[in-house]
Amino acid sequence: MPEGHSIHRLARQFSSVFGGERLTVSSPQGRFAAGAARLDGHVLEAAEAHGKQLFLHFDHDLYLRIHLGLYGAFDFGGDETFIGSSSIGAPRRLGEQEVAGDDGAGYSGPPEPKGAVRVRLVSEHGWADLRGPTACEVVTEAERRKVLARLGPDPLAGGADGGGADGAAGRAAEFTRRLRGKGSPVGLLLMNQEVLAGVGNVYRAEVLFRRRISPWRLGRSIGEAEAGELWDDVVRLMNDGVRQGRIITTKPQDREDTGEPVPVSEAHYVYKRTGLPCRRCGTPVAGTEMGARKLYWCPSCQAD
């Protein structure tokens, strides 16, 4: 499932290629036909992300809410203006596939839909197709606020600067309150979108390793300062993910291969490294399941 940094990259992409454009909205698959009709012919004013939720705001105060889930993905295509402006600086990853235009033959409109396209958005210069989302619905501002009210703070809210000192401090304090108010293992809480919005399995494993926290420690056992450091590291890593288009959590001194770009095999400390030696202490990385998801940790560096 795409983690929060990918959804924020998608929001940037939509703002770049569709912002201010009047869109033709359809549902080639048919499952979203009624929703598409409510948006068709309206101008996209803004694209916003909160955690793993994407909201496309149209000029009549309706939103297209999308949650990609495990299988959702976008394809993009268009003319040279559309393609150029949609580039964010790194190759598309899961949920962010970009498709070239017409191989130099000139753009003549979107291709015939392939597969089960839930929703298609088309402007004068390009198109986007969505397939396989967990959620795809039209919501009002009040309904959007209800969705947001259920979610924890987003480490990427406000961009790289955190939206100012007051906003960043408030989100950190809210995360600390929610984390320390629970009696569940911190390894579960970091994946709970009501505690922290946007973190998935990779960031969960990696940030706990970097902070030397056992996944089985209870949330209420995490001190305020420790929770603040955990939040700060999540903010740092996820902003790196937005910028780089991939999740890299290792520091150069902990890699065997220090080449650039960072090899996939060197990008993580524990994620999908079961049985391999810990990059810091040499203990074999352990793996099990927690909350129906794979969990990775170092038994020595993250001892209870």
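Residues numbered from 1 in each chain as written. Predicted model: local features only at pLDDT ≥ 70, side-chain atom pairs only at ≥ 80, totals over all residues. Heavy atoms only, no water.

1. Here's the deal with the environment of S27
Logical step 1: Relative to the assigned elements, S27 resides in the loop between β1 (24-26) and α2 (33-39).
Logical step 2: Through-space distance from the C-alpha of S27 to that of D129 is 9.3 Å; in sequence the pair is 102 residues apart.
Logical step 3: Residues in contact with S27, not counting those within four places in the same chain, are F32, A33, A36, V117, R118 and V119.
Logical step 4: Polar side-chain contacts of S27 include one of 3.0 Å to the backbone nitrogen of F32. (Helix = DSSP H or I, 4+ residues; strand = E, 2+ residues; numbered from the N terminus. Contact = heavy atoms within 4.5 Å. Polar contact = N/O pair within 3.5 Å; in protein donor to acceptor, adjacent residues only side chain to side chain.)

2. Section: helix α1 (residues 4-18)
Logical step 1: An ideal rise of 1.5 Å per residue puts 21 Å on 15 residues; α1 measures up with 21 Å between its terminal C-alpha atoms.
Logical step 2: Summarising burial for α1: 12 of the 15 residues are buried, a large majority.
Logical step 3: Buried within α1 are the following residues: G4, H5, S6, I7, H8, R9, L10, A11, Q13, F14, V17 and F18.
Logical step 4: The first or second residue beyond α1 is G20, which carries a positive phi of 80°. (Expected span 1.5 Å × (residues − 1). Buried < 20%, exposed > 50% of the residue type's maximum accessible area, 1.4 Å probe, protein only.)

3. Side note on the pattern of salt bridges
Pairing is possible between side chains of opposite charge, provided their charged atoms come close.
Logical step 1: Scanning the model with the defined rule gives 16 salt bridges in all.
Logical step 2: Two residues, D129 and R120, come together in a salt bridge whose shortest N-O distance is 2.7 Å. Residue D129 shares its accessibility class with R120, and that shared class is buried.
Logical step 3: Notably, a salt bridge pairs E224 with R180, separated by 3.7 Å at the nearest N-O pair. Here E224, found in helix α8 (residues 224-244), pairs with R180, found in helix α5 (residues 165-180); they are 44 residues apart in sequence, far enough to count as distant.
Logical step 4: Using a relative accessible area of 57% as the deciding quantity, one classes E224 as exposed. (Salt bridge = Lys/Arg side-chain N within 4 Å of Asp/Glu carboxyl O.)

4. Here's the deal with a nonpolar patch on the surface
Logical step 1: Together, M1, L70 and Y71 make up an exposed nonpolar region whose accessible area comes to about 340 Å².
Logical step 2: If you trace the backbone, L70 turns up in the loop between β4 (62-67) and β5 (73-78). (Patch = residues over 30% accessible without salt bridge, like charges linked within 9 Å, V, L, I, M, F, W, Y side chains within 5 Å. Areas by Shrake-Rupley, 256 points an atom, 1.4 Å probe, with all protein chains shown as cover.)

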